Every structure is written in structure tokens, then in C-alpha cells.
Amino acid sequence: MKSSTSGLCLLLPLLLASCGAAAPEGTGEESNMTSEDHPGAAPYEQELRARLAEALSAKGEGYEPRTHHFTDDGTPRYTNRLILEDSPYLLQHAHNPVDWYPWGPEAFERAKAEGKPIFLSIGYSTCHWCHVMERESFEDLRVARLMNQYFVCIKIDRERRPDIDELYMTAVQMLTGRGGWPMSSFLTPAGEPFFGGTYFPPQNFSVLLQRVNDAWTTQRDELLNHASQIAASVRDATAARGKAEEVGKEAAREAVKQIVGRHDKQLGGFGGAPKFPHEPELLLLLAHSLRRGDAEAQAAAVHSLDAMARGGIYDQVGGGFHRYSVDDRWLVPHFEKMLYNQAHLTRAYLAAYRLTGDQLTARVARQTLDYFLREMTAPGGGFYSATDADSSGVEGEFFVWTPEELREVLGAEDAALAIDLWGVTAGGNFEGKNILHLAQPLDAFAKGRNMPLDDLLERVDRMRDMLWRVREVREHPLRDDKIVTAWNGMMITAFAEGADVLGDDRYLQAAIKAAEFLWAKNRGEGSAELWRIHLDGSSSIPALQEDYAYLAEACLTLHDVDGDARWLKRAEQLAGMMLEKFWDEADGGFYMTGAGADPHLIARPKSPNDGATPSGNSVAVRALAMLAARTGEETWAARANATLRAFAKNIERYPAGYAYMLMGAEELLRSGSGPRQYAAGGTVKAMARLTPDGDALDLDLELAIRDGWHVNAHQPLQDNLIPTVLSVDSNRGAWKLAGVRYPEAERVRLSFQDEPLAVYQGTVRLTGRLRVDGDSKPSVAPLRLKVQACDDRVCLRPEEIVLEVPAAPAF
């Protein structure tokens, strides 16, 4: 994130001179500092010194302090309180000459006791510009002296505490019109922000620190009043309050219209540079296309996914996606790789494959999942968080190539193919080297060379493997090994869906292993209360609402795929705990944090709109909708509806910002979507599959009926009973269903009926043949299944469900 000082200059006249002003003379290194004492800070008490020394010693011989300040014996000159933390990001700053505090009562008490403002720095371990500001400012002794002398300095890992990040990011965006990381904020001792920005160059930052101190000294009352106003605005913005009302039935369609309206028809994606994937929006477009047959939505999503898969944002050698592209062509990425991008983009590529049957789309999903299995999976089964953009101190160095390197690794013949395929030039496309990218789609490249596509793919896979093995010898970017419950929930869902769509049991086993890991390690003993973080064998940080929501969604996806009842039970436990800890009884919706969890927060945010990931409220709506369909419990549906009503005004203003929530709303309305559906409160599970047979598609529809329940046969023995009927929705394409064969009925006698009944019980199959009139090949076959479920005491109301069965993969 580049400097935001230009926006800040508009805020406080007193700080105007800091923007673009010259740094004071002598900025830079000082020598002969007293060992272990941080410049400008009071010496640490002996008890604290001992704790820090013990923590440093416990790191072991392999520990590499991240600093360039060392004593003559090679030990780090400075060690601050961050050495006591279990965050990779905070530990990166444990040896800065800055007297850093973690967020907590000690820092706030000192600020209040000394009447000092707080400098709050928020970032994450794989953030490139965070590293730049660390090197330029936080490692600079004169800058550190100013920070320590005038401020109480707090460092936060945004991935551990996204609730804090949400509050102060909202403030920075209000003040400057933009945001990003590192986030730099100045707060009152009560935690209310009065000034902020993102990355600051070291000279400007030095002057800014002095100007803020001058303002605090001479105009404190004005700053306190200003901070109070900003805090009030933050509270209003993050509460997302509005009059509860129904979400309009056309809200999802309106969101799709807005998203498609921003589609870059030439280069794919939405908006201009820097270009982010916008995964929640992609998922809504694909779900809407599956449910409504919206060709325009499908085209926008598929075009964007194809463009990303060909670009440098996609790791053409190792698989997986970088976080975003700095240009509008998807060529030059910001090279960090985040778990959440892999999870949601994998789901998008899987959904696109189901709609299109395109094997190259499925290939991207496989390569991304395989990358995560190979490089980002802990031995115990959890998934790591991210990898850095930098290696050897250079951004992107790990990922780029020269023509000479390709020739050395691949040999002349394969190198010539690789250079042509991946657009490699002598001058390069990134600081003299090459980010590999596909200048044209693989199938078009094969056609242009008169090569069978399968032959090209075989050669590409061989070349990728050879390059990967050589690349493994290079210095790797830093990997953040913390295991975040919410993020692992995202990845479990992706792996489970991958197993379901691609038929690869490895992915299901990875999902199960990770889910069991979280249940064992990140859950309080004997309860469903969760921890958010697991690192180095221990778990910490009470879980936030999104942790419960994402893990519940993951458990429900596992239940769908493997049918194990334990996942449904766990999802119910998690949803119950989520409601108990985070539900807003007054206005509806979920808070990010539990009541009283942190007395230093200036607000208790909800923040329901989607960002780089679906919001916790959005995922909660979908998880509760899924639970309602699978259990028949009205409580879950009622809370999902109440959440939607709580944010209805926000959704009405900008529905595209609530893409994933609207996906959940559609599932709530229709008890799900896709080829797997539930009826009769989860007592009937229907799963449809299509396989090609000449000019037709063979249909296999499995009904799994819960023990103790039955559905009426296709030909009931009594005229007043509702038969089971399978048909095709003639309003969606020119489909014709013929030759439907129903299973043989069982004859049973039940307590409420003297006469025998013809029923289906257990697992039964219906088969048939689907044809399309004409030459068209619709991507989805919409089937209608009408059933009435009964047990020995009661019959439920008749129900018709629609199964949207992807047909393109079968053509």
C-alpha cells in the first residue's frame, strides 16, 4: 500500500507541514546505544527483562532474530514485549528498537497514566509494505526514539484480531478515503482515533511524529473532541443499523446486475487496477447462473476466471493464486499467497467447471488444491495461513525466470516451447525477469501448433514439475504457519467441494483431517467454544463470530459430501454457540466479538458487507439456511431471516456488497441449490447425476430417506396420497425427460392406517433419460421432484424441490 499522506494533509492544519516536509537533520542510525535499552524509552524493570530473556532463550538455536541491530556477541540488541506473543507478525517486530506493546491493558494503562497518545500499527506477516515500513522506520534508531519518547506504541496482527482492524480501518477510510496495510493510526489513551493513514516514507513519518506530538501538547482538547466524533462515526458505520424489513426477492438479481455492470469485458474481472479477484461476487454470479440460467452472469464469471488463470496472478509453476494484480491485465501480482484466496477461488473454479464442463477450468482447481496439500498443510492436518511476497529481501524473486534459466532447466526443445507458451522475453516483464503467464489459452496454443491438447498438457505438466523442483532450491518466501479457525473452515469447504465435484478422495480426506484437527485443538475441552489461532502446539485468542460461522459451514459441506451425521451435529453445536455469544437481541445480526470480550474496543462491530472474504454475517446466513434445510428446525431459518432483515436497508442501498449473504438468502428461500437437495426438513436427501449415452444423458437420482421415515411411492395404493413424481422444468431449456423408472414400492402397515401403504424407504434410485430438442446444449438440467414424507405418526406437507443438475460436464 502506497503512502496516504496526501489525503491526510487535508485533515488537520497543524499537521500540514509533515506532508512532504524535510526530515530533521541526522535521521538515521545512531551508535553507542546502551545495550537492551530502547532509545527514548524508560529502561525495563528487572522482572520484565528476565521474562524477555527467558522467552528469547526458549526460541532455541535455530531462531533468527529479524533485525539488523546486534551486539558484539551476535545477540539482538533490542528485545521488546512482542517476544512474548505467539503471532508470527508480532514476532517479526520483537527486536525493533521500538518499545512495542501488544494490544492489551498494559499499554492502555500506561498511556492513561502518562497522558500519552497511542501509535497503533496494524499489519500481517506476509504484507510487503509492512516489511518496507519496518525496514525504513521501525528499525531506524532516530525514528524509534521519537516513537518511544512521544507515544505508547502498539502493534497488532490483523489476522488474529480482525475486529480491531475493522474499527481502525473504518476510521482511516473516513479520514483519507482509502485504506490498506500497514495501517498507521494515532489514538487517544482511550483508544479513539484522531489521525491515521497507511504506509509513510521514513522522512515524512519522522516529521509527522513530531507534529502529532506538538498537536497533542498544544491542542489536546481539540484532538480529543475530534477523536470523539470520529469514534462515534465508526460506531455508527460498523454497527450497520437500519430498520428491520424484508429483503426483496429481486435483491440477488439486482446485485448480479451491478456486478455484471462492472465487468471488464476485455480483460476480465471487475474494475480497474489494482485488480482483486472479488471472490464473493464471482460465487454469486455462478450460483445465480446455476439457479436462474443467467447466461450473462455466467459469461462474466467464466471470462474473469479464465483471464486470472492465464495471468501472472496465477502461479503457473506451483499452482495457487497471488492476492491481487497491480495492473489491469492480471500480469504483475502482489506476490503474497493467502489461504482465503485459494479457498474461495477454488470454489469458484469448481462451480464454473460444473456449469461449463471445461477441463482446463477443473485443472486450475486441482492445481490449487494440490498446491495447498503439498506446501500449506500442517502435519496434523490444519492449513497454514499465507506466504510472503518477498524472498531474499526482494519482492517476487522466488517466482520469476529468465530465458537462460528456462534453457538450463528444461533443455533447448522444451525451453523453446516454454518461452513461447509463457511469454518469456530477454527484457522480461518484471524488473528484468519474467512472470510466467499464458499469452493465450492452452487449447488455442495447442491448436495454433497443430498439437493435440492432451499432448501439450502432458509436456506442460512435465515442464512445471522440473521448474518447481529447481524453484524449491531457491530461498522461499516466509510462510505464516498459524492455523486460523475461520480460514481453515474456508479451506475445508473448498477441499470437500473439490472431492465432490472432481471425485478425488484425497481432497475429502484432507478436509476431514483438518476438521478433526480443529475440533481437537481449537475447541475448549467439553464444549463448542472455539479458539481462533493455533501455532507451535498451542491455541490462543477467543474465537470471533466468523470462526464459528465458517467452521459450521465447513461441517455442513462435509455432511453433504460424506453423509456422516457427526458433521451435522457439530454444525448445530457451533451455530448454537454462535447465537449465544454474538447475536444482537435488540437489532438482529451478529457482532464480530462476544459481549465484554475486550473492554478497550471503541465499538462492537458487525460489519456485514463482504470484502476480500464473505463477512461473518454473510456466512452465518448461509450456514443457518443450510442447517434449516437439513434439520427442519425453524429456529435456524428464523435467525437467518432475522439477520437478513437487520441489514435489509444496507442491502437495498448496495446489494453487490452483500453477494455471499444473498447467496445464503437464495438457499434459504429454496432450501439450497445444485444437484443435491434436501426435502421434508432433511428427512429426504436427493442427489442427481448425469452420464452421457449417445445423444442423450442417463439420469440417476438417489433418494436417501432417514430411518423411520418414508415417502409415498409413485403409484400409491390410496387415491388421497401424494405420489412421488420426477419431472423436468420445461421453462429452462428444451429438455425432455423420458423413460422414468421408479423403484419397486414396499408395502407397509403403519399405526395411523389400517390399509397397507406403498412407500419408498431407505435408499432408492429413480432413473431416466434426458434429451435436448435441437442443437443447443444447456449447461443445467432443472429437475422437479415432488415428495411427501411421513413417519409412523405424522405426514409432512407435500413438497416440490428443484435440482439444478450440471449437464455440461456430461455432454
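Residues numbered from 1 in each chain as written. Predicted model: local features only at pLDDT ≥ 70, side-chain atom pairs only at ≥ 80, totals over all residues. Heavy atoms only, no water.

### Description of the overall build of the protein
Let me state the cut-off plainly: Segments assigned H or I by DSSP are reported as helices when at least four residues long, segments assigned E as strands when at least two residues long, and all are numbered from the N terminus. Between the two quantities, the radius of gyration covers C-alpha atoms and the globule rule is 2.2 Å times the number of residues to the power 0.38. Here the term buried applies to any residue with accessible area under 20% of the maximum for its type, exposed to any over 50%, and partly exposed to those in between, with areas from a 1.4 Å probe on protein chains only. Note on contacts: a residue pair is in contact if any heavy atoms of the two residues lie within 4.5 Å. Positive: Lys, Arg. Negative: Asp, Glu. His and the chain ends are not part of the count. For charged residues, the charge sits on one atom: NZ in Lys, CZ in Arg, CG in Asp, CD in Glu.
Looking only at helices and strands, the protein features 26 helices and 27 strands. Its C-alpha atoms give the protein a radius of gyration of 29 Å, within 12% of the compact-globule value 28 Å for 811 residues. Counting only residues that meet the buried cut, the protein has 60% of its 811 residues in that class. The long-range share in the protein, meaning contacts at least 24 apart out of those at least 6 apart in sequence, stands at 71%. Taking the average place of the 87 positive charges on the side chains of the protein and the average place of its 115 negative ones, the gap between the two points comes to 3 Å.

### Re unusual backbone geometry
The linkage connecting tryptophan 181 with the following residue, proline 182, adopts the cis geometry, with an omega of 5°. Tracing the sequence through the fold places proline 182 in the loop between α7 (162-176) and β4 (183-187). One non-glycine residue, histidine 278, lies in positive phi territory at about 60°. The backbone of alanine 680 sits at a positive phi, close to 55°, despite the residue not being glycine.

### Side note on the pattern of salt bridges
Selection criterion: One speaks of a salt bridge when a side-chain nitrogen belonging to Lys or Arg is within 4 Å of a carboxyl oxygen belonging to Asp or Glu.
The full count for this structure, using the stated rule, is 57 salt bridges. Here glutamate 529 ties to lysine 581 by a salt bridge, and the two come within 3.5 Å at their closest N and O atoms. Taken as a pair, glutamate 529 in the loop between α20 (505-521) and β14 (531-535) and lysine 581 in helix α22 (residues 565-582) lie far apart in primary sequence, 52 residues in all. The network of salt bridges with shared partners includes Arg81, Asp99, Glu106, Arg110, Glu114 and Lys116.

### Digging into helix α14 (residues 359-375)
Just so we agree on the cut-off: Every helix has an expected span of 1.5 Å times one less than the residues it contains.
Taking 1.5 Å as the rise per residue, α14 with 17 residues should run 24 Å; its terminal C-alpha atoms sit 24 Å apart, in good agreement. Those residues of α14 that fall on the buried side of the exposure criterion are Leu360, Thr361, Ala362, Arg363, Val364, Ala365, Gln367, Thr368, Leu369, Tyr371, Phe372 and Glu375.

### Describing the confidence of the model for the protein
The criterion, for reference: The predictor's confidence in any single residue is recorded as pLDDT, a number from 0 to 100.
In this model, the protein carries a mean pLDDT of 92, and residues with pLDDT of at least 70 account for 94%. Across residues 1-11, where pLDDT falls below 50, the model places 34 contacts with residues more than four positions away in sequence or in other chains. Predicted confidence for residues 16-35 stays below pLDDT 50, and this span has 40 contacts to residues more than four positions away or in other chains.

### As for the pairing of strand β18 (residues 696-705)
Inclusion rule: In this scheme, strands are said to pair when DSSP sees at least two bridges between them.
As judged from the ten bridges shared by strand β17 (residues 684-693) and β18, these two strands associate in the antiparallel manner. Bridge pairing links aspartate 693 to alanine 696 in β18. Joining the antiparallel neighbours β17 and β18 is a turn of two residues, in which glycine 694 adopts a positive phi near 65°.

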